[in-house]
Amino acid sequence: MNLTETQSTKEFNEKGGDVLDTTQKTSHVPLWQSIKKSPRIVGYCLALSSAILLYGYDLVIVATVAAMPQFQVVFGQEYHGKYIIPTMWLSLWNVSSCIGIMFGSVVGGYYQDRRGRRITLAIGSFLSTIAVAICYISDLPDEMETRRGVFFAGKLFQGICIGILLCVTQTYMSEVLPVALRGPVIAFYPIFTLLGQLVGSIVVYTSLKHTGAESYRICFASQWPFSAIPFVLAAFLPESPTWLLRKGRMEHALKEQKRLDTSRINSQAVIDELQASIAAEDEESATHTYADCFKGVNMRRTLIVAFANIIPQMFGLQLLANSSYFMQIVGMGSANSLIFLILGIGLGLIANVISLWALNAFGRRFLILLTLNIVMVMWFAVGIAGIFTGIVTIWYTAVSMMIIVMISGLGSWPASHVVAAEASSLQLRAKTQGIGWFTSGFGTAVFAIILPYIYNADQGNLRAKTGFVMAGFAAVAVIVVWLGIPEMKGRTAMEIDRMFSLRLRTRDFKGWHSDVAVTSETEDLHPTMKE
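Here is what the cut-offs are and how they apply
- Residues numbered from 1 in each chain as written.
- Predicted model: local features only at pLDDT ≥ 70, side-chain atom pairs only at ≥ 80, totals over all residues.
- Heavy atoms only, no water.
- UniProt positions renumbered as here; feature names shortened; annotations may be inferred.
- Helix = DSSP H or I, 4+ residues; strand = E, 2+ residues; numbered from the N terminus.
- Contact = heavy atoms within 4.5 Å.
- Areas by Shrake-Rupley, 256 points an atom, 1.4 Å probe, with all protein chains shown as cover.
- Axes fitted to C-alpha atoms, helices over the stretch in contact; angles between N-to-C directions.
- Buried < 20%, exposed > 50% of the residue type's maximum accessible area, 1.4 Å probe, protein only.
- Polar contact = N/O pair within 3.5 Å; in protein donor to acceptor, adjacent residues only side chain to side chain.
- pLDDT = per-residue confidence, 0-100.
- Parallel < 35°, antiparallel > 145°, perpendicular 65-115°, else oblique.
- Left-handed = near helix turned anticlockwise from the far one by under 90°.
- Nonpolar A, V, L, I, M, F, W, Y, C, P; charged D, E, K, R; others polar.
- Patch = residues over 30% accessible without salt bridge, like charges linked within 9 Å, V, L, I, M, F, W, Y side chains within 5 Å.
- Salt bridge = Lys/Arg side-chain N within 4 Å of Asp/Glu carboxyl O.
- Phe/Tyr/Trp six-rings, centres within 6.5 Å; stacked < 30°, edge-to-face > 60°.
- Arc of directions from axis to C-beta.

As recorded in an unreviewed UniProt entry, the chain goes by the name Major facilitator superfamily (MFS) profile domain-containing protein, listed as coming from Penicillium coprophilum. As recorded by UniProt, the Sequence similarities (unreviewed entry) comment attached to the chain reads in full: "Belongs to the major facilitator superfamily. Sugar transporter (TC 2.A.1.1) family." On record in UniProt, under Subcellular location (unreviewed entry), the comment for the chain is "Membrane".

**Student:** Please explain the overall build of the chain as it appears in this structure.
**Tutor:** When its secondary structure is counted, the chain shows 27 helices and two strands. Contacts spanning at least 24 positions in sequence make up 80% of the contacts within the chain whose residues lie at least 6 apart. A total accessible area of about 21600 Å² is found for the chain, and carbon and sulfur atoms account for 65% of it.

**Student:** Got a minute to help me understand the packing of helix α24 (residues 429-455) against helix α25 (residues 466-484) in this structure?
**Tutor:** Any two packed helices are characterised by the angle at which their axes cross and by the distance between the axes. Closest axis-to-axis distance for the α24/α25 pair is 10 Å, and the angle between their directions is 145 degrees. Note on element contacts: α25 touches α24 through Thr466, Val469, Met470 and Phe473, opposite Phe447, Leu451, Ile454 and Tyr455.

**Student:** Please clarify how unusual backbone geometry should be interpreted in this entry.
**Tutor:** Negative phi characterises most residues that are not glycine, and trans characterises most peptide bonds. Notably, Asn461 is not glycine yet its phi reads approximately 55 degrees, a positive angle. Here Asn461 lies in the loop between α24 and α25. Judged by its relative accessible area of 31%, Asn461 falls in the partly exposed class. The phi angle at Arg463 is positive, at roughly 50 degrees, despite the residue not being glycine. Within the fold, Arg463 resides in the loop between α24 and α25.

**Student:** Mind showing me how you'd approach the environment of Phe447 here?
**Tutor:** Of note, Phe447 is situated in helix α24. The residues contacting Phe447, other than those within four sequence positions of it, are Gln313, Met314, Gln318, Pro452 and Phe473.

**Student:** Sorry if this is basic, but what is going on with the side chain of Lys431 here?
**Tutor:** Tracing the chain through its elements places Lys431 in helix α24. In this structure Lys431 comes out as buried when scored by relative accessible area, which is 6%. Among all residues touching Lys431, those that are not within four sequence positions of it are Gly109, Tyr110, Asp113, His288, Thr289, Tyr290 and Cys293.

**Student:** Please clarify how helix α19 (residues 323-330) should be interpreted in this entry.
**Tutor:** Each full turn of the α-helix corresponds to 3.6 residues, which orients residues three or four apart in the same direction. Most of α19 sits out of view: six of its eight residues are buried. Taken together, the buried positions of α19 are occupied by Ser323, Ser324, Phe326, Met327, Ile329 and Val330. Following α19 by one or two positions, Gly331 has its phi on the positive side, about 135 degrees.

**Student:** So what exactly am I meant to see when it comes to the side chain of Lys155 here?
**Tutor:** Tracing the backbone through its elements, the reader meets Lys155 in helix α8 (residues 144-176). A relative accessible area of 1% places Lys155 in the buried class. In this structure the side chain of Lys155 is engaged in a polar contact, spanning 2.6 Å, whose partner is the side chain of Asp58.

**Student:** For this particular structure, what's the right way to read the confidence of the model for the chain?
**Tutor:** In low-pLDDT segments, the atomic positions of the prediction should not be examined closely. Predicted confidence across the chain gives a mean pLDDT of 84, with 88% of residues reaching 70 or more. Segment residues 12-27 is flagged for pLDDT under 50; beyond a separation of four residues in sequence, or across chains, it makes 28 contacts in the model. Every residue in residues 516-531 scores below 50 in pLDDT, and together they form 55 contacts with partners more than four places removed in sequence or on other chains.

**Student:** Would you mind showing me how to read the packing of helix α7 (residues 117-136) against helix α12 (residues 223-234) here?
**Tutor:** For the pair α7 and α12, interaxial distance at closest approach is 8 Å and the crossing angle is 160 degrees. Considered as vectors, α7 and α12 are oriented roughly antiparallel to each other. Judged by the sense of rotation from one axis to the other, the crossing of α7 with α12 is left-handed. Listed contacts from α12 to Arg118, Leu121, Ala122, Ser125, Phe126, Ser128, Thr129, Val132, Ala133 and Tyr136 of α7 are Gln223, Trp224, Ser227, Ala228, Pro230, Phe231 and Ala234. For the contact of α7 with α12, the class distribution of residues is eleven nonpolar, five polar and one charged.

**Student:** Mind showing me how you'd approach a nonpolar patch on the surface here?
**Tutor:** A cluster of nonpolar residues, Ile350, Ile354, Trp357, Phe362, Phe366, Leu370 and Ile374, forms a patch on the protein surface that exposes about 660 Å² of accessible area. Looking at the nonpolar patch, the elements with two or more residues in it are α20 (334-361) and α21 (364-386). Looking at the secondary structure, you find Trp357 in helix α20.

**Student:** How should the packing of aromatic side chains be read in this particular structure?
**Tutor:** Each aromatic ring pair is summarised here by two numbers: the centre-to-centre distance and the angle between the ring planes. Per the counting criterion, the structure on display carries 25 aromatic pairs. Summarising the aromatic geometry, the rings of Phe151 and Phe220 are spaced 5.6 Å apart at their centres and angled 40 degrees between planes, so their arrangement reads as tilted. Note that Phe151 is positioned in helix α8 and Phe220 in helix α11 (residues 214-221), a separation of 69 residues in sequence. Each member of the pair, Phe151 as well as Phe220, is classed as buried.

**Student:** Is there a simple way to think about α11 in this case?
**Tutor:** Listing the buried residues of α11 in full gives Ser215, Tyr216, Cys219 and Phe220. Projected down its long axis, α11 shows its buried positions confined to an angular sector of 135 degrees, all on one face.

**Student:** Is there a simple way to think about the pattern of salt bridges in this case?
**Tutor:** According to the stated counting rule, one finds 13 salt bridges in the structure shown. For Arg148, the salt bridge identified is with Glu145, shortest N-O distance 2.7 Å. On the criterion of helical spacing, the pair formed by Arg148 and Glu145 is a turn pair, its members being three residues apart in helix α8. Look at Glu145 and you get partly exposed, because its relative accessible area is 44%. Note that Asp508 is salt-bridged to Arg505, the shortest N-O span being 3.2 Å. Among the charged side chains, a network of salt bridges with common partners joins Asp113, Arg117, Glu175 and Lys431.

See below:
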């Protein structure tokens, strides 16, 4: 600890600041106690999750609105007495958001490093309202191809905006969250994604009772409130102290840190710790460009973030998201398949809520490996069931997919987001998150395109035997995680930097102990200090 840290600690203690129990490690502190120590940070992150809600909501709107009868009349074509959406346009609309997220995340990673987290959040939110407006008026042109093209442009633009919002949200959370809360709170990503999908499904269902263009326009218009929430939040959200320190605005950084902390926390000690971490990183590299993410030890960290962002696709998230249609291909009736879709969303929500505790109690690496292995075995069993025909195969597949949703929601899905947030360095965090969400969008687009060709009746026709394919993807994920993703639970940014700089083997991260540990005196002042 330097002299400045010692003086700030003494001043804080003289003013009656609370000192926490040093005999209890952060990982052993109950979740509710950690929340009680940092209620403002949790509150801001909870509000910031509205951007994630918009992401989940948009996924449902773009995937479901094409099934609405009136939308098919306006944007589709007649085929054997009924209106359908041409396959080419349906595919383009399905991947438009993914492509947009890829580019939006890169733009967001660059811009938030130049201008700050708050302004980037506000701009992404404002542009999202324009994207919704484009979709809302897409049915006005007279030419059919023009209408389809305008709708595609609106969804692509919306994807760019969502990519910006997701990137800045994950960057901000990873920078301000205390060590003990980093895992549980970043697990908001799958929770609010599912919640957005659930709300979107309800809106689409209730809109079916309306006639004419009003039915699908209500769905588009309902996105405006979700787009506006991050814009309003940006007016009140404290700027990231880490970004301010990087810009040399130390007094402003301390002021914003105090807005994040309660009176029990020594904000000056937190700033001192952040300054030390940033200074240590700057000794290794003075530049902060996208190219730096692929140089030296940062290459390893960037690859970890990139792979963590495609883990959800490896355990089958894209197939699970389309479980209603997939189960119809397997042989289930449309009514029952819709019920299983809603059940899947509900079970996923429950599992992800439980993961808030699990991420605080167990390691990220352990949870990912355990749940991926279970999912791999279950997908393989679904593939075996697909060899046979009959009602047993149909219901076994449906039940197995619901269990897979729960297992993944308990571990690999939320834990993958936490790993992606923890692995990058402070100096390159925004840009690395941009690369991570670019990879996520690319992976989602690829799986959205190839999976229908594998299981659809007019192509690969594997039906339930698709389980063999998904088991293979899960097996690859298990191998990569085992070899490449280290355990970073409970580590400060400085400790993580040190371990990567030493080029420790993946399995050596968990047992590594710093020679220059943070003293118990500093550790007591803020949950972001070393365990």
